[in-house]
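Here's the letter readout for the chains.
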Amino acid sequence: MKEEKYLETPVFASDRVLEAAPSDVIPKFPTNPEVAYQIVKEETYPQTNPMLNLATFVTTYMDDYATRLMNEAININYIDETEYPRVAVINGKCINILANLWNTPETRKWKTGAVGIGSSEACMLGGIAAWLRWKKRRMEQGKPYDKPNFVISTGMQVVWEKFSQLWQVEMRQVPISREHITLDPQLALQYCDENTICVVPIQGVTWTGLNDDVEALDAALDEYNAKTGYNIPIHVDAASGGFILPFLNPEKKWDFRLKWVLSISTSGHKYGLVYPGLGWVIWKDKKYLPDEMNFSVNYLGAEISQVGLNFSRPGAQILGQYYNYIRLGFEGYKAIQKNSLEIARYIWGEIAKFPQFHNYAQEVVNPLFIWHLDQEYDKSAKWTLYDLQDKLKQYGWMVPAYTLPASLEDIVVMRVVIKQGFTRDMADMMLADMRSAVAELEQLAYPTNSRIAYEKEEKQKGKVFTH
Ligand SMILES: *Cc1c(COP(=O)(O)O)cnc(C)c1O
(Lines give C-alpha, C1' and ligand atoms only; values in the text may rest on other atoms or scores of the structure.)
Protein backbone atom coordinates (compact mmCIF):
# COMPACT_ATOMS: atom_id res chain seq x y z
CA MET A 1 0.00 0.00 0.00
CA LYS A 2 1.21 3.47 -0.93
CA GLU A 3 0.66 6.55 1.12
CA GLU A 4 -2.12 8.67 -0.37
CA LYS A 5 -0.35 11.97 -1.03
CA TYR A 6 -3.02 14.11 -2.55
CA LEU A 7 -6.19 14.23 -0.50
CA GLU A 8 -7.91 16.08 -3.34
CA THR A 9 -7.55 13.05 -5.64
CA PRO A 10 -10.98 12.20 -7.16
CA VAL A 11 -12.49 9.09 -5.58
CA PHE A 12 -12.11 6.81 -8.58
CA ALA A 13 -8.68 8.20 -9.45
CA SER A 14 -7.35 6.95 -6.13
CA ASP A 15 -4.90 4.04 -6.01
CA ARG A 16 -7.08 2.58 -3.28
CA VAL A 17 -9.78 1.50 -5.73
CA LEU A 18 -7.21 -0.71 -7.47
CA GLU A 19 -6.40 -2.58 -4.26
CA ALA A 20 -8.32 -5.27 -2.44
CA ALA A 21 -10.06 -3.81 0.60
CA PRO A 22 -8.44 -4.81 3.92
CA SER A 23 -9.64 -8.04 5.40
CA ASP A 24 -6.93 -9.13 7.84
CA VAL A 25 -4.89 -6.26 9.17
CA ILE A 26 -5.51 -2.57 9.69
CA PRO A 27 -4.13 -0.53 6.76
CA LYS A 28 -0.89 1.29 7.51
CA PHE A 29 -1.93 4.72 6.21
CA PRO A 30 -5.12 6.74 6.44
CA THR A 31 -7.45 6.94 3.47
CA ASN A 32 -9.31 9.98 2.24
CA PRO A 33 -12.82 9.79 3.86
CA GLU A 34 -14.67 9.97 0.53
CA VAL A 35 -12.66 7.04 -0.76
CA ALA A 36 -13.05 5.10 2.49
CA TYR A 37 -16.80 5.69 2.31
CA GLN A 38 -16.90 4.50 -1.28
CA ILE A 39 -14.96 1.33 -0.53
CA VAL A 40 -17.29 0.33 2.29
CA LYS A 41 -20.41 1.36 0.38
CA GLU A 42 -19.42 -0.63 -2.71
CA GLU A 43 -19.10 -3.80 -0.70
CA THR A 44 -22.79 -3.50 0.22
CA TYR A 45 -24.10 -3.14 -3.34
CA PRO A 46 -24.41 -6.82 -4.25
CA GLN A 47 -26.78 -7.35 -1.31
CA THR A 48 -30.52 -7.59 -1.78
CA ASN A 49 -32.42 -4.35 -1.60
CA PRO A 50 -34.01 -4.35 1.90
CA MET A 51 -37.40 -3.44 0.42
CA LEU A 52 -37.33 -6.65 -1.65
CA ASN A 53 -36.39 -8.79 1.32
CA LEU A 54 -39.43 -10.80 2.37
CA ALA A 55 -37.30 -13.05 4.57
CA THR A 56 -36.56 -10.67 7.41
CA PHE A 57 -38.99 -9.69 10.15
CA VAL A 58 -37.02 -6.58 10.91
CA THR A 59 -38.08 -3.04 10.04
CA THR A 60 -36.67 -1.72 6.77
CA TYR A 61 -38.65 1.53 6.56
CA MET A 62 -39.09 4.47 8.90
CA ASP A 63 -40.25 7.94 7.91
CA ASP A 64 -37.93 10.91 7.47
CA TYR A 65 -38.56 12.44 10.89
CA ALA A 66 -37.94 9.13 12.64
CA THR A 67 -34.76 8.70 10.65
CA ARG A 68 -33.66 12.23 11.49
CA LEU A 69 -34.40 11.77 15.18
CA MET A 70 -32.49 8.52 15.30
CA ASN A 71 -29.55 9.84 13.29
CA GLU A 72 -29.31 12.81 15.65
CA ALA A 73 -29.17 10.36 18.57
CA ILE A 74 -26.64 8.04 16.96
CA ASN A 75 -24.01 8.93 19.60
CA ILE A 76 -26.26 8.38 22.63
CA ASN A 77 -25.35 5.54 24.94
CA TYR A 78 -28.54 4.54 26.70
CA ILE A 79 -26.75 3.37 29.85
CA ASP A 80 -25.22 6.80 30.41
CA GLU A 81 -28.15 7.96 32.48
CA THR A 82 -26.52 10.88 34.20
CA GLU A 83 -25.67 12.34 30.81
CA TYR A 84 -28.96 11.40 29.12
CA PRO A 85 -31.52 11.16 31.93
CA ARG A 86 -34.43 11.96 29.62
CA VAL A 87 -33.63 8.96 27.42
CA ALA A 88 -34.01 6.77 30.50
CA VAL A 89 -37.32 8.44 31.29
CA ILE A 90 -38.50 7.98 27.70
CA ASN A 91 -37.50 4.33 28.02
CA GLY A 92 -39.70 4.09 31.11
CA LYS A 93 -42.58 5.67 29.19
CA CYS A 94 -42.15 3.14 26.38
CA ILE A 95 -42.32 0.32 28.95
CA ASN A 96 -45.49 1.83 30.44
CA ILE A 97 -47.15 2.12 27.05
CA LEU A 98 -46.35 -1.47 26.11
CA ALA A 99 -47.37 -2.83 29.52
CA ASN A 100 -50.74 -1.08 29.14
CA LEU A 101 -51.16 -2.29 25.56
CA TRP A 102 -50.75 -5.79 27.01
CA ASN A 103 -53.28 -5.08 29.77
CA THR A 104 -50.95 -5.11 32.75
CA PRO A 105 -52.71 -5.11 36.11
CA GLU A 106 -49.70 -3.34 37.68
CA THR A 107 -50.77 -0.07 39.28
CA ARG A 108 -47.34 1.49 39.91
CA LYS A 109 -46.57 4.63 37.95
CA TRP A 110 -43.53 3.00 36.38
CA LYS A 111 -44.37 -0.47 35.12
CA THR A 112 -41.88 -3.31 35.37
CA GLY A 113 -39.98 -4.08 32.19
CA ALA A 114 -36.71 -3.77 30.35
CA VAL A 115 -35.30 -2.73 27.01
CA GLY A 116 -33.08 -5.14 25.07
CA ILE A 117 -31.22 -5.34 21.80
CA GLY A 118 -33.99 -7.51 20.43
CA SER A 119 -36.37 -10.26 21.42
CA SER A 120 -33.38 -12.49 22.03
CA GLU A 121 -32.22 -10.44 24.99
CA ALA A 122 -35.83 -9.92 26.10
CA CYS A 123 -36.56 -13.68 25.96
CA MET A 124 -33.39 -14.40 27.92
CA LEU A 125 -34.43 -11.96 30.64
CA GLY A 126 -37.93 -13.44 30.84
CA GLY A 127 -36.45 -16.94 31.00
CA ILE A 128 -33.87 -16.04 33.64
CA ALA A 129 -36.53 -14.41 35.83
CA ALA A 130 -38.68 -17.56 35.60
CA TRP A 131 -35.68 -19.71 36.47
CA LEU A 132 -34.71 -17.56 39.49
CA ARG A 133 -38.31 -17.47 40.79
CA TRP A 134 -38.53 -21.25 40.48
CA LYS A 135 -35.15 -21.67 42.17
CA LYS A 136 -36.15 -19.47 45.11
CA ARG A 137 -39.37 -21.42 45.59
CA ARG A 138 -37.51 -24.74 45.47
CA MET A 139 -34.97 -23.49 48.03
CA GLU A 140 -37.74 -22.37 50.32
CA GLN A 141 -39.28 -25.83 50.04
CA GLY A 142 -35.92 -27.46 50.76
CA LYS A 143 -36.04 -29.22 47.36
CA PRO A 144 -33.25 -29.64 44.81
CA TYR A 145 -32.99 -26.94 42.18
CA ASP A 146 -30.29 -28.32 39.90
CA LYS A 147 -32.45 -29.69 37.07
CA PRO A 148 -34.60 -26.86 35.72
CA ASN A 149 -36.45 -27.28 32.42
CA PHE A 150 -38.82 -25.27 30.27
CA VAL A 151 -41.44 -26.37 27.76
CA ILE A 152 -41.87 -24.93 24.26
CA SER A 153 -43.01 -26.18 20.86
CA THR A 154 -40.61 -27.36 18.15
CA GLY A 155 -41.64 -24.12 16.40
CA MET A 156 -39.36 -22.19 18.76
CA GLN A 157 -36.90 -19.57 17.58
CA VAL A 158 -33.18 -20.28 18.03
CA VAL A 159 -32.92 -17.89 21.02
CA TRP A 160 -34.53 -20.58 23.18
CA GLU A 161 -31.82 -23.03 22.22
CA LYS A 162 -29.31 -20.40 23.28
CA PHE A 163 -31.16 -19.80 26.54
CA SER A 164 -31.09 -23.53 27.20
CA GLN A 165 -27.39 -23.88 26.43
CA LEU A 166 -26.11 -20.71 28.07
CA TRP A 167 -28.02 -21.12 31.33
CA GLN A 168 -28.14 -24.90 31.25
CA VAL A 169 -31.90 -25.10 31.51
CA GLU A 170 -33.18 -28.21 29.74
CA MET A 171 -35.42 -27.41 26.77
CA ARG A 172 -38.37 -29.78 26.34
CA GLN A 173 -39.85 -29.50 22.88
CA VAL A 174 -43.46 -30.36 22.21
CA PRO A 175 -43.74 -31.44 18.57
CA ILE A 176 -45.95 -29.50 16.23
CA SER A 177 -47.44 -31.81 13.64
CA ARG A 178 -49.99 -31.97 10.83
CA GLU A 179 -52.67 -32.58 13.47
CA HIS A 180 -51.43 -29.90 15.89
CA ILE A 181 -49.99 -27.11 13.79
CA THR A 182 -49.43 -25.01 16.93
CA LEU A 183 -48.50 -25.88 20.54
CA ASP A 184 -51.03 -28.40 21.91
CA PRO A 185 -51.75 -27.38 25.54
CA GLN A 186 -52.64 -30.87 26.75
CA LEU A 187 -49.58 -32.35 25.12
CA ALA A 188 -47.45 -29.56 26.64
CA LEU A 189 -48.57 -30.62 30.13
CA GLN A 190 -47.12 -34.06 29.51
CA TYR A 191 -43.69 -32.43 29.28
CA CYS A 192 -44.13 -30.52 32.56
CA ASP A 193 -43.00 -31.59 36.01
CA GLU A 194 -41.89 -30.07 39.32
CA ASN A 195 -38.72 -28.77 37.64
CA THR A 196 -40.51 -26.81 34.93
CA ILE A 197 -39.69 -23.11 35.29
CA CYS A 198 -42.21 -21.99 32.63
CA VAL A 199 -44.05 -22.84 29.43
CA VAL A 200 -43.31 -20.59 26.47
CA PRO A 201 -46.10 -20.15 23.91
CA ILE A 202 -45.29 -18.06 20.85
CA GLN A 203 -47.37 -15.36 19.20
CA GLY A 204 -46.27 -15.22 15.58
CA VAL A 205 -44.37 -18.49 15.31
CA THR A 206 -41.28 -17.76 13.24
CA TRP A 207 -41.63 -20.95 11.15
CA THR A 208 -45.34 -20.72 10.35
CA GLY A 209 -46.67 -17.27 11.25
CA LEU A 210 -49.32 -18.85 13.51
CA ASN A 211 -50.20 -18.14 17.15
CA ASP A 212 -50.08 -20.71 19.94
CA ASP A 213 -53.34 -20.74 21.91
CA VAL A 214 -52.25 -19.01 25.13
CA GLU A 215 -55.75 -18.85 26.59
CA ALA A 216 -56.21 -22.62 26.30
CA LEU A 217 -52.72 -23.19 27.70
CA ASP A 218 -53.48 -20.89 30.63
CA ALA A 219 -56.66 -22.82 31.42
CA ALA A 220 -54.87 -26.17 31.11
CA LEU A 221 -52.01 -24.98 33.35
CA ASP A 222 -54.45 -23.59 35.91
CA GLU A 223 -56.02 -27.01 36.32
CA TYR A 224 -52.65 -28.74 36.28
CA ASN A 225 -51.12 -26.39 38.86
CA ALA A 226 -54.13 -26.82 41.16
CA LYS A 227 -53.86 -30.60 40.88
CA THR A 228 -50.09 -30.89 41.32
CA GLY A 229 -49.37 -27.95 43.61
CA TYR A 230 -46.74 -26.72 41.12
CA ASN A 231 -46.65 -23.11 40.15
CA ILE A 232 -45.73 -23.26 36.48
CA PRO A 233 -46.13 -19.84 34.84
CA ILE A 234 -46.16 -18.69 31.21
CA HIS A 235 -43.68 -16.48 29.41
CA VAL A 236 -45.14 -15.40 26.06
CA ASP A 237 -42.62 -14.98 23.25
CA ALA A 238 -44.55 -12.38 21.26
CA ALA A 239 -41.62 -11.25 19.09
CA SER A 240 -43.98 -10.53 16.19
CA GLY A 241 -47.45 -10.90 17.68
CA GLY A 242 -46.87 -8.49 20.57
CA PHE A 243 -47.30 -5.54 18.22
CA ILE A 244 -50.03 -7.15 16.07
CA LEU A 245 -52.57 -8.56 18.51
CA PRO A 246 -53.24 -5.39 20.58
CA PHE A 247 -54.12 -3.52 17.39
CA LEU A 248 -55.84 -6.10 15.21
CA ASN A 249 -57.32 -8.51 17.73
CA PRO A 250 -57.75 -6.64 21.04
CA GLU A 251 -60.48 -9.02 22.25
CA LYS A 252 -58.23 -12.06 22.08
CA LYS A 253 -56.78 -12.99 25.46
CA TRP A 254 -53.13 -13.93 25.21
CA ASP A 255 -51.56 -11.32 27.52
CA PHE A 256 -51.60 -10.21 31.18
CA ARG A 257 -55.36 -10.71 31.33
CA LEU A 258 -54.49 -14.39 31.72
CA LYS A 259 -53.68 -15.68 35.19
CA TRP A 260 -50.42 -17.51 34.55
CA VAL A 261 -48.87 -15.08 32.05
CA LEU A 262 -46.20 -13.40 34.18
CA SER A 263 -43.94 -12.02 31.45
CA ILE A 264 -44.06 -11.17 27.75
CA SER A 265 -41.31 -10.25 25.30
CA THR A 266 -41.41 -8.64 21.87
CA SER A 267 -39.17 -7.11 19.22
CA GLY A 268 -39.49 -3.35 18.89
CA HIS A 269 -37.63 -3.75 15.60
CA LYS A 270 -40.18 -6.16 14.11
CA TYR A 271 -43.80 -4.95 14.13
CA GLY A 272 -42.86 -2.26 16.67
CA LEU A 273 -41.73 -0.60 13.41
CA VAL A 274 -38.32 0.63 14.65
CA TYR A 275 -34.96 0.01 12.98
CA PRO A 276 -32.80 -2.66 14.71
CA GLY A 277 -31.92 -3.43 17.47
CA LEU A 278 -34.73 -3.08 19.93
CA GLY A 279 -36.59 -5.54 22.15
CA TRP A 280 -38.84 -5.30 25.18
CA VAL A 281 -39.77 -7.54 28.07
CA ILE A 282 -42.54 -6.70 30.53
CA TRP A 283 -43.41 -8.42 33.81
CA LYS A 284 -46.94 -8.52 35.16
CA ASP A 285 -45.78 -6.98 38.42
CA LYS A 286 -42.55 -5.97 40.09
CA LYS A 287 -42.80 -9.00 42.36
CA TYR A 288 -42.18 -11.31 39.37
CA LEU A 289 -38.85 -9.67 38.60
CA PRO A 290 -36.30 -11.24 40.96
CA ASP A 291 -34.37 -8.66 42.97
CA GLU A 292 -31.06 -10.14 41.80
CA MET A 293 -31.87 -8.97 38.25
CA ASN A 294 -33.11 -5.55 39.14
CA PHE A 295 -30.72 -2.67 39.57
CA SER A 296 -32.89 0.22 40.61
CA VAL A 297 -31.92 3.85 40.15
CA ASN A 298 -33.76 6.91 41.33
CA TYR A 299 -33.35 10.32 39.77
CA LEU A 300 -35.45 13.22 38.55
CA GLY A 301 -38.36 11.85 40.51
CA ALA A 302 -38.51 8.77 38.34
CA GLU A 303 -37.70 5.35 39.64
CA ILE A 304 -36.40 3.31 36.72
CA SER A 305 -35.42 -0.34 36.99
CA GLN A 306 -32.26 -1.31 35.19
CA VAL A 307 -32.41 -4.83 33.90
CA GLY A 308 -30.41 -6.23 31.01
CA LEU A 309 -27.64 -8.43 29.70
CA ASN A 310 -25.89 -5.54 27.99
CA PHE A 311 -24.50 -2.46 29.63
CA SER A 312 -23.83 0.06 26.87
CA ARG A 313 -26.37 0.05 24.07
CA PRO A 314 -27.59 2.60 21.53
CA GLY A 315 -30.31 4.95 22.73
CA ALA A 316 -31.59 6.00 19.30
CA GLN A 317 -34.01 3.08 18.94
CA ILE A 318 -35.74 4.00 22.17
CA LEU A 319 -36.38 7.49 20.77
CA GLY A 320 -37.58 5.86 17.53
CA GLN A 321 -40.07 3.74 19.46
CA TYR A 322 -41.36 6.71 21.42
CA TYR A 323 -41.61 8.76 18.22
CA ASN A 324 -43.68 5.99 16.62
CA TYR A 325 -46.10 5.95 19.55
CA ILE A 326 -46.62 9.70 19.24
CA ARG A 327 -46.56 9.92 15.45
CA LEU A 328 -48.78 6.93 14.74
CA GLY A 329 -50.98 6.66 17.78
CA PHE A 330 -53.08 3.57 18.34
CA GLU A 331 -55.06 4.16 15.15
CA GLY A 332 -51.94 4.67 13.05
CA TYR A 333 -50.34 1.46 14.26
CA LYS A 334 -53.62 -0.34 13.69
CA ALA A 335 -53.92 0.92 10.11
CA ILE A 336 -50.32 -0.03 9.25
CA GLN A 337 -50.61 -3.53 10.75
CA LYS A 338 -53.94 -3.99 9.02
CA ASN A 339 -52.45 -3.05 5.66
CA SER A 340 -49.58 -5.50 6.16
CA LEU A 341 -52.04 -8.23 7.09
CA GLU A 342 -54.26 -7.44 4.08
CA ILE A 343 -51.29 -7.57 1.70
CA ALA A 344 -50.23 -10.89 3.24
CA ARG A 345 -53.77 -12.21 2.81
CA TYR A 346 -53.84 -11.01 -0.78
CA ILE A 347 -50.60 -12.86 -1.59
CA TRP A 348 -51.95 -15.89 0.29
CA GLY A 349 -55.02 -15.84 -1.98
CA GLU A 350 -52.85 -15.59 -5.09
CA ILE A 351 -50.56 -18.39 -3.93
CA ALA A 352 -53.68 -20.55 -3.50
CA LYS A 353 -54.37 -20.09 -7.24
CA PHE A 354 -51.06 -21.69 -8.26
CA PRO A 355 -51.85 -25.33 -9.05
CA GLN A 356 -48.31 -26.17 -7.89
CA PHE A 357 -48.72 -24.69 -4.39
CA HIS A 358 -50.64 -25.37 -1.23
CA ASN A 359 -50.95 -22.94 1.69
CA TYR A 360 -49.89 -24.51 4.99
CA ALA A 361 -52.64 -22.98 7.13
CA GLN A 362 -56.23 -22.08 6.39
CA GLU A 363 -55.87 -18.60 7.84
CA VAL A 364 -53.41 -15.73 7.96
CA VAL A 365 -53.36 -14.37 11.52
CA ASN A 366 -50.13 -12.39 11.35
CA PRO A 367 -48.71 -10.63 8.26
CA LEU A 368 -46.64 -13.70 7.38
CA PHE A 369 -47.43 -17.16 6.12
CA ILE A 370 -45.94 -20.25 4.51
CA TRP A 371 -46.84 -22.58 1.70
CA HIS A 372 -45.42 -25.75 0.19
CA LEU A 373 -45.66 -27.68 -3.06
CA ASP A 374 -48.99 -29.35 -3.63
CA GLN A 375 -48.65 -32.98 -2.49
CA GLU A 376 -49.78 -34.45 -5.80
CA TYR A 377 -47.67 -32.05 -7.83
CA ASP A 378 -44.68 -32.81 -5.62
CA LYS A 379 -44.74 -36.46 -6.75
CA SER A 380 -43.78 -35.55 -10.30
CA ALA A 381 -42.12 -32.13 -9.97
CA LYS A 382 -38.58 -31.60 -11.28
CA TRP A 383 -37.79 -28.78 -8.88
CA THR A 384 -38.13 -27.75 -5.26
CA LEU A 385 -38.90 -24.48 -3.54
CA TYR A 386 -35.15 -24.01 -3.08
CA ASP A 387 -34.92 -23.68 -6.87
CA LEU A 388 -37.72 -21.14 -6.81
CA GLN A 389 -35.88 -19.22 -4.08
CA ASP A 390 -32.80 -19.07 -6.35
CA LYS A 391 -34.85 -17.91 -9.34
CA LEU A 392 -36.56 -15.19 -7.33
CA LYS A 393 -33.19 -14.03 -6.09
CA GLN A 394 -32.21 -13.40 -9.69
CA TYR A 395 -35.13 -10.97 -9.87
CA GLY A 396 -33.87 -9.32 -6.66
CA TRP A 397 -36.45 -10.86 -4.27
CA MET A 398 -35.43 -12.59 -1.12
CA VAL A 399 -38.07 -15.24 -0.39
CA PRO A 400 -36.69 -18.03 1.77
CA ALA A 401 -37.36 -21.77 1.48
CA TYR A 402 -36.63 -24.09 4.40
CA THR A 403 -37.77 -27.33 5.98
CA LEU A 404 -40.11 -27.31 8.96
CA PRO A 405 -38.83 -28.51 12.36
CA ALA A 406 -38.72 -32.11 13.60
CA SER A 407 -41.79 -34.26 12.86
CA LEU A 408 -42.64 -31.99 9.92
CA GLU A 409 -39.13 -31.90 8.50
CA ASP A 410 -40.19 -33.60 5.25
CA ILE A 411 -42.08 -30.44 4.28
CA VAL A 412 -40.12 -27.81 2.38
CA VAL A 413 -41.91 -24.50 2.75
CA MET A 414 -41.57 -20.96 1.46
CA ARG A 415 -42.37 -17.92 3.58
CA VAL A 416 -43.15 -14.26 3.07
CA VAL A 417 -43.10 -11.69 5.87
CA ILE A 418 -45.01 -8.55 4.91
CA LYS A 419 -43.94 -5.35 6.58
CA GLN A 420 -44.63 -1.65 6.39
CA GLY A 421 -43.33 -0.48 3.02
CA PHE A 422 -44.55 -3.45 0.99
CA THR A 423 -47.43 -2.28 -1.18
CA ARG A 424 -50.02 -4.08 -3.27
CA ASP A 425 -48.10 -3.02 -6.36
CA MET A 426 -44.89 -4.63 -5.06
CA ALA A 427 -46.88 -7.74 -4.21
CA ASP A 428 -48.09 -7.89 -7.81
CA MET A 429 -44.55 -7.43 -9.15
CA MET A 430 -43.28 -10.21 -6.88
CA LEU A 431 -46.15 -12.51 -7.89
CA ALA A 432 -45.55 -11.82 -11.59
CA ASP A 433 -41.87 -12.72 -11.15
CA MET A 434 -42.92 -15.83 -9.27
CA ARG A 435 -45.24 -16.86 -12.11
CA SER A 436 -42.40 -16.42 -14.62
CA ALA A 437 -40.00 -18.34 -12.40
CA VAL A 438 -42.44 -21.22 -11.96
CA ALA A 439 -43.14 -21.28 -15.70
CA GLU A 440 -39.40 -21.57 -16.34
CA LEU A 441 -39.03 -24.36 -13.78
CA GLU A 442 -41.94 -26.20 -15.39
CA GLN A 443 -39.98 -26.32 -18.66
CA LEU A 444 -37.13 -28.31 -17.13
CA ALA A 445 -36.28 -31.50 -18.99
CA TYR A 446 -34.32 -32.94 -16.05
CA PRO A 447 -34.69 -32.65 -12.29
CA THR A 448 -32.59 -30.02 -10.52
CA ASN A 449 -29.85 -30.97 -8.06
CA SER A 450 -32.00 -29.94 -5.13
CA ARG A 451 -34.85 -32.14 -6.46
CA ILE A 452 -32.50 -35.13 -6.83
CA ALA A 453 -31.22 -34.69 -3.28
CA TYR A 454 -34.74 -34.23 -1.90
CA GLU A 455 -36.11 -37.35 -3.63
CA LYS A 456 -33.15 -39.46 -2.56
CA GLU A 457 -33.79 -38.55 1.06
CA GLU A 458 -37.56 -38.94 0.88
CA LYS A 459 -37.38 -42.28 -0.96
CA GLN A 460 -35.42 -43.68 1.97
CA LYS A 461 -38.39 -42.77 4.14
CA GLY A 462 -40.73 -44.57 1.77
CA LYS A 463 -42.18 -41.72 -0.24
CA VAL A 464 -43.17 -42.64 -3.81
CA PHE A 465 -42.52 -40.41 -6.79
CA THR A 466 -44.18 -40.85 -10.15
CA HIS A 467 -41.34 -40.15 -12.57
C1 LIG B 1 -37.38 -12.99 15.80
C2 LIG B 1 -37.77 -13.84 16.94
C3 LIG B 1 -36.96 -13.94 18.08
C4 LIG B 1 -35.62 -13.26 18.17
O5 LIG B 1 -35.82 -11.90 18.06
P6 LIG B 1 -34.68 -10.84 17.76
O7 LIG B 1 -35.42 -9.58 17.94
O8 LIG B 1 -34.24 -11.07 16.36
O9 LIG B 1 -33.58 -11.04 18.74
C10 LIG B 1 -37.41 -14.69 19.14
N11 LIG B 1 -38.58 -15.34 19.08
C12 LIG B 1 -39.39 -15.29 18.01
C13 LIG B 1 -40.68 -16.03 18.01
C14 LIG B 1 -39.00 -14.55 16.89
O15 LIG B 1 -39.79 -14.49 15.80
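All values derive from a computational prediction rather than experimental measurement. (Residues numbered from 1 in each chain as written. Predicted model: local features only at pLDDT ≥ 70, side-chain atom pairs only at ≥ 80, totals over all residues. Heavy atoms only, no water.)

Novice: I'm lost on the packing of aromatic side chains in this one. Help?
Specialist: The geometry of an aromatic ring pair comes down to the distance between the two centres and the angle between the two planes. Taken as a whole and assessed by the stated rule, the structure comprises 17 aromatic pairs. Pairing Phe-247 with Tyr-333 gives two aromatic rings, centres 5.0 Å apart and planes at 10°, and the pair type is stacked. Pair noted here: Phe-247 is in helix α8 (residues 245-248) and Tyr-333 is in helix α9 (residues 316-353), with a separation of 86 residues, a long-range link. Comparing Phe-247 with Tyr-333 shows no difference in burial state: the two are buried. Both rings, one in Phe-369 and one in Trp-371, keep their centres 5.6 Å apart while their planes meet at 40°; by these two values the pair is tilted. Here Phe-369 and Trp-371 have matching classes, each one buried. Clustering of aromatic rings is evident, with ring pairs tying together Phe-243, Phe-247, Tyr-325, Phe-330 and Tyr-333. A cation over a ring is seen here: Lys-270 above Phe-57, with NZ or CZ 4.8 Å from the ring centre. Geometry around Tyr-346 places Arg-424 over its ring, the cationic atom sitting 4.0 Å from the centre. (Phe/Tyr/Trp six-rings, centres within 6.5 Å; stacked < 30°, edge-to-face > 60°. Helix = DSSP H or I, 4+ residues; strand = E, 2+ residues; numbered from the N terminus. Buried < 20%, exposed > 50% of the residue type's maximum accessible area, 1.4 Å probe, protein only. Lys NZ or Arg CZ within 6 Å of the ring centre and 35° of its normal.)

Novice: I tried to follow the environment of Thr-112 on my own but got confused; where do I start?
Specialist: The residue Thr-112 is located in the loop between α3 (85-101) and β1 (113-116) in this model. Given the relative accessible area of 2%, Thr-112 is considered buried. With 172 residues separating them along the chain, Thr-112 and Lys-284 place their C-alpha atoms 7.3 Å apart. Thr-112 has contacts with Ile-95, Glu-106, Ile-282, Trp-283, Asp-285, Lys-286 and Leu-289, leaving out every residue within four places of it along the chain. (Contact = heavy atoms within 4.5 Å.)

Novice: Is there a simple way to think about the pairing of strand β2 (residues 149-153) in this case?
Specialist: Successive residues of a regular strand alternate their side chains across the two faces of the sheet. The buried count for β2 comes to five of five residues, which makes it a mostly enclosed element. Where β2 lies against strand β3 (residues 170-174), five bridges are found, and the strand directions are parallel. When the bridges of β3 are listed, Ile-152 appears paired with Gln-173. Each parallel crossover has a hand, and for β2 linked through helix α5 (residues 159-167) to β3 it is right-handed. Note that β2 and strand β4 (residues 196-200) share four bridges and pair parallel. (Pairing = 2+ DSSP bridges. Right-handed = clockwise from strand over helix to strand, strands pointing away.)

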